[in-house]
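A structural walkthrough
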Amino acid sequence: MTFATLGLIEPLLRALETLGYQTPTPVQAQAIPAVLAGRDLMAAAQTGTGKTAGFALPLLQLLTMEGPKVAANSARALILCPTRELAEQVHASVAEYAQHLPLTTYAVYGGVSINPQMMKLRKGVDILVATPGRLIDLFRQNALKLNQLQTLVLDEADRMLDLGFSEELANIYRMLPKKRQTLLFSATFSDDIRLLAGQMLNDPLSIEVSPRNVAANTVKQWVVPVDKKRKPELFVHLMRKGRWKQVLVFAKTRNGVDALVDKLQGLGINADGIHGDKPQATRQRALDRFKASEVQILVATDVAARGLDIEDLPLVVNFDLPIVAEDYIHRIGRTGRAGNTGEAISLVCADEVNMLSAIEMLTRQTLTRKMEADFEPEHRVPDTDASGQVVKKPKKPKKPKTSGGGGKRNLGKWVDSGDAAPVEPSIKPVRKVPVFNTGPRKKK
Ligand code: AMP
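Cut-offs and rules
- Residues numbered from 1 in each chain as written.
- Predicted model: local features only at pLDDT ≥ 70, side-chain atom pairs only at ≥ 80, totals over all residues.
- Heavy atoms only, no water.
- UniProt positions renumbered as here; feature names shortened; annotations may be inferred.
- pLDDT = per-residue confidence, 0-100.
- Contact = heavy atoms within 4.5 Å.
- Helix = DSSP H or I, 4+ residues; strand = E, 2+ residues; numbered from the N terminus.
- Buried < 20%, exposed > 50% of the residue type's maximum accessible area, 1.4 Å probe, protein only.
- Pairing = 2+ DSSP bridges.
- Right-handed = clockwise from strand over helix to strand, strands pointing away.
- Polar contact = N/O pair within 3.5 Å; in protein donor to acceptor, adjacent residues only side chain to side chain.

An unreviewed UniProt entry lists the chain under the name DEAD-box ATP-dependent RNA helicase RhpA, from Pseudomonas fluorescens. One UniProt comment on the chain, placed under Catalytic activity (unreviewed entry), says "ATP + H2O = ADP + phosphate + H(+)". In its Sequence similarities (unreviewed entry) section, the UniProt record describing the chain reads: "Belongs to the DEAD box helicase family."

Okay, here's the thing in structure tokens:
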């Protein structure tokens, strides 16, 4: 199958040739004809599957082939993304695909001045990429009208809900024209996403290019159990041992990012960090330098790293496990993209056992554990498996009490009797661990 057989027009084919895309990925093969035919779409696609081109190419074609010119302060298509970085990245891809088309594209997001965005919108843009909060601001200030909108794309919809954007999405929903095409993309499909899809989509075609909630199978994943306080030391040890060249590292909190970056920089390691407290320009600069291999280790929180597309990223390290199990899939999706293989290593301490269990349950796999010599944890990480059960260390059978005072003196008698030893299962499930994603979270 080629992009030409999917019915794409020549200017798009030319752009794809320049980009070196030869064959459509599975999500593209399914999404492109459906979007061209005007269908709504509900697509479960992992990160790195080529989903951006899956919606952007047919969207660009429809806008080129039909519809009136864009009016002032209007947009003909809107792509909603959860974070600024993703909005920038999606916009960059859309602009590349549109390079030979007479269409305008633009991205708006918070954290930067709104005035230049308002100016830019005056003439109208064909495709607007936006984060939900800034879109609403622009709409409320009359800088943007949505009555000409013909297509809405919800990209990484699960993440938008995780970031607490459900209210914003409900507001945007009220701003939209009733007659429109809606495409919803999500790496994972929770009940909340299905509810959102039920409201926003009209008789959608469901596309599922990979098994539900299964992590990218091009990524080799394993876990190194370690005590919490020794994680930085273990990280440096593994880095040196494995001669890591370019690593994206995920830490749970902003403080965690800063502390690890300080530690690494203190050792003369070329590291930088991105998180929500840093200004957008600083985040973008760190990312650009990492992409250009000028920074070796980029430490990030989930929010800041969302949707990053870094070519051939060989390794992702979870310095901390994510609180939301689905984030694990997003994180490791930063490597093993577009058919390349990658590695994802998680440093896991005893405190994180429930998170590990939730990840294993979600991804339906038991992650291999590799103990690192000299870093064996004092606080053992209990066994886990894909059933979602945390397994406690087998208990030693209790010594039976004897009327004669017990102790070693009588042990032989009980053990030798063969049938009288207390029966205790060697492995005992203690409780079911829920997947952590129980509802919208606060914005980080
Ligand atoms: P996405 O899942 O949209 O973030 O895309 C992941 C990466 O795959 C990006 O770097 C795209 O440029 C690349 N890509 C998307 N589609 C194709 C294709 N058909 N052939 C080669 N690379 C592609």
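Quick notes on the confidence of the model for the chain
Per-chain confidence: the chain averages 83 in pLDDT, with 82% of residues scoring 70 or above. Across residues 401-444 the pLDDT falls below 50, and counting only partners more than four positions away or on other chains, this stretch makes 62 contacts in the model.

Structural notes on unusual backbone geometry
Within the chain, Asp203 stands out as a residue other than glycine whose phi angle is a positive 45°. Tracing the backbone through its elements, the reader meets Asp203 in the loop between helix H9 (191-200) and strand E7 (205-208). Among the residues examined, Asp203 registers a relative accessible area of 56% and is labelled exposed. In this structure, Ser293 is a non-glycine residue whose phi angle is positive, near 60°. Looking at the secondary structure, you find Ser293 in the loop between helix H12 (280-291) and strand E11 (297-300).

What about the pairing of strand E3 (residues 105-108)?
Residues Thr105 and Ala107 line one face of E3 and the alternating positions Tyr106 and Val108 line the opposite face, and both faces are buried. Examined bridge by bridge, E3 and strand E4 (residues 125-130) share four bridges and lie parallel to one another. Among the inter-strand pairings, Thr105 is bridged to a residue of E4, identified as Ile127. The parallel pair E3 and E4 is bridged by helix H5 (residues 115-121), and the resulting crossover is right-handed.

Let's talk about the UniProt feature "domain: DEAD-box RNA helicase Q" (unreviewed entry) in the chain
Mapped onto this structure's residue numbering, the UniProt feature "domain: DEAD-box RNA helicase Q" (unreviewed entry) falls at residues 1-29. Here residues 1-29 runs as 48% helix and 0% strand, with 8 Å between its end C-alpha atoms.

Some words on the side chain of Ser186
Relative to the assigned elements, Ser186 resides in strand E6 (residues 181-186). What makes Ser186 buried here is its relative accessible area of 1%. A distance of 3.2 Å separates the side chain of Ser186 from the side chain of Asp158, its partner in a polar contact. Setting aside chain neighbours within four positions, we find Ser186 in contact with Ala43, Ala44, Ala45, Ala157, Asp158 and Ile193.

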